[in-house]
Amino acid sequence: MAGKRRKFDAEFREGAVRIVVETGKPITQVAQDLGINETTLASWVSRARRAGGATATGESEEFARLRRENAQLKKDNKELAMERDVLKRCMVLWVK
C-alpha cells in the first residue's frame, strides 16, 4: 500500500525550484537534500520554466541592468586609473 500523500505549500515549492535554478545543482541532488521525490521536483521546475513568470522576467531585467551598471563602473574605473597615472607622471616632472 502506498503511504500518505504529502502536500507542500507554495512557498516550499518555489524555494525548491529557486535552489535548482539559481545554484545549477542537479534536480536529483536537490530533491535528495530536501527529502522529496525527484520526479516531483522535476515537475515543479518544468512547470516554473514553462510559466516563465513575471519573477523570471523581472530578475532577468534586473540582471541586465546590473550588467550595464557594472560595465559603466569598470569603464569609469579604468578612466580614473589613467587620470591618476597622468597626475603621477606630472608630479614626478614637477618635483624634478
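Residues numbered from 1 in each chain as written. Predicted model: local features only at pLDDT ≥ 70, side-chain atom pairs only at ≥ 80, totals over all residues. Heavy atoms only, no water.

Caption draft 1: The overall build of the protein chain, seen in detail. Each helix and strand counted, the protein chain has four helices and zero strands in total. Within the protein chain, buried positions represent 9% of all 96 residues. Sequence-distant contacts, at least 24 apart, represent 49% of the contacts inside the protein chain between residues at least 6 apart. Only carbon and sulfur atoms are counted for the fraction: they give 56% of the accessible area of the protein chain, which is about 8400 Å². (Helix = DSSP H or I, 4+ residues; strand = E, 2+ residues; numbered from the N terminus. Buried < 20%, exposed > 50% of the residue type's maximum accessible area, 1.4 Å probe, protein only. Contact = heavy atoms within 4.5 Å. Areas by Shrake-Rupley, 256 points an atom, 1.4 Å probe, with all protein chains shown as cover.)

Caption draft 2: Quick look at the confidence of the model for the protein chain. Scored by pLDDT, the protein chain has a mean of 87; 90% of the residues are at 70 or more. When pLDDT is averaged over each element of the protein chain, helix H2 (residues 27-34) comes out on top at 92 and helix H4 (residues 53-95) at the bottom at 86. (pLDDT = per-residue confidence, 0-100.)

Caption draft 3: The pattern of salt bridges, seen in detail. Enumeration according to the criterion identifies four salt bridges in this entry. Notably, a salt bridge pairs Glu 62 with Arg 65, separated by 2.8 Å at the nearest N-O pair. Residue Glu 62 and its partner Arg 65 are both found in helix H4; the two are separated by three residues, about one turn of the helix. Residue classification places Glu 62 among the partly exposed residues on the basis of a relative accessible area of 34%. A salt bridge links Arg 65 to Glu 69; the shortest N-O distance between them is 3.0 Å. Here Arg 65 and its partner Glu 69 are both found in helix H4, four residues apart, which amounts to about one turn of the helix. (Salt bridge = Lys/Arg side-chain N within 4 Å of Asp/Glu carboxyl O.)

Caption draft 4: Fine view of the packing of helix H1 (residues 10-23) against H2. Running from amino to carboxyl end, H1 crosses H2 at an angle of 140 degrees, the nearest separation of the two axes being 9 Å. In terms of orientation, H1 lies oblique with respect to H2. Once H1 is placed against H2, the crossing between them reads as right-handed. The residues of H2 that touch H1, namely those facing Phe 12, Ala 16, Ile 19 and Val 20, are Ile 27, Val 30 and Leu 34. Taken together, the residues of the contact of H1 with H2 break down into seven nonpolar, no polar and no charged. (Axes fitted to C-alpha atoms, helices over the stretch in contact; angles between N-to-C directions. Parallel < 35°, antiparallel > 145°, perpendicular 65-115°, else oblique. Left-handed = near helix turned anticlockwise from the far one by under 90°. Nonpolar A, V, L, I, M, F, W, Y, C, P; charged D, E, K, R; others polar.)

Caption draft 5: A look at helix H3 (residues 38-51). In a regular helix each residue adds 1.5 Å, so 14 residues correspond to 20 Å; H3 covers 20 Å between its end C-alpha atoms and thus fits that length. Within the sequence span of H3, burial applies to Leu 41, Trp 44 and Val 45. For H3, the angular spread of buried residues about the axis comes to 95 degrees, placing them on one side. Turned more than 90 degrees off the buried face of H3, the exposed positions are Thr 39 and Arg 50. Buried residues in H3 make contact with H1 and H2. A side-chain oxygen of the first residue of H3 lies 3.0 Å from the backbone nitrogen of Thr 39; this N-cap is Asn 37. A positive phi of about 70 degrees marks Gly 52, the residue just after H3. (Expected span 1.5 Å × (residues − 1). Arc of directions from axis to C-beta. Polar contact = N/O pair within 3.5 Å; in protein donor to acceptor, adjacent residues only side chain to side chain.)

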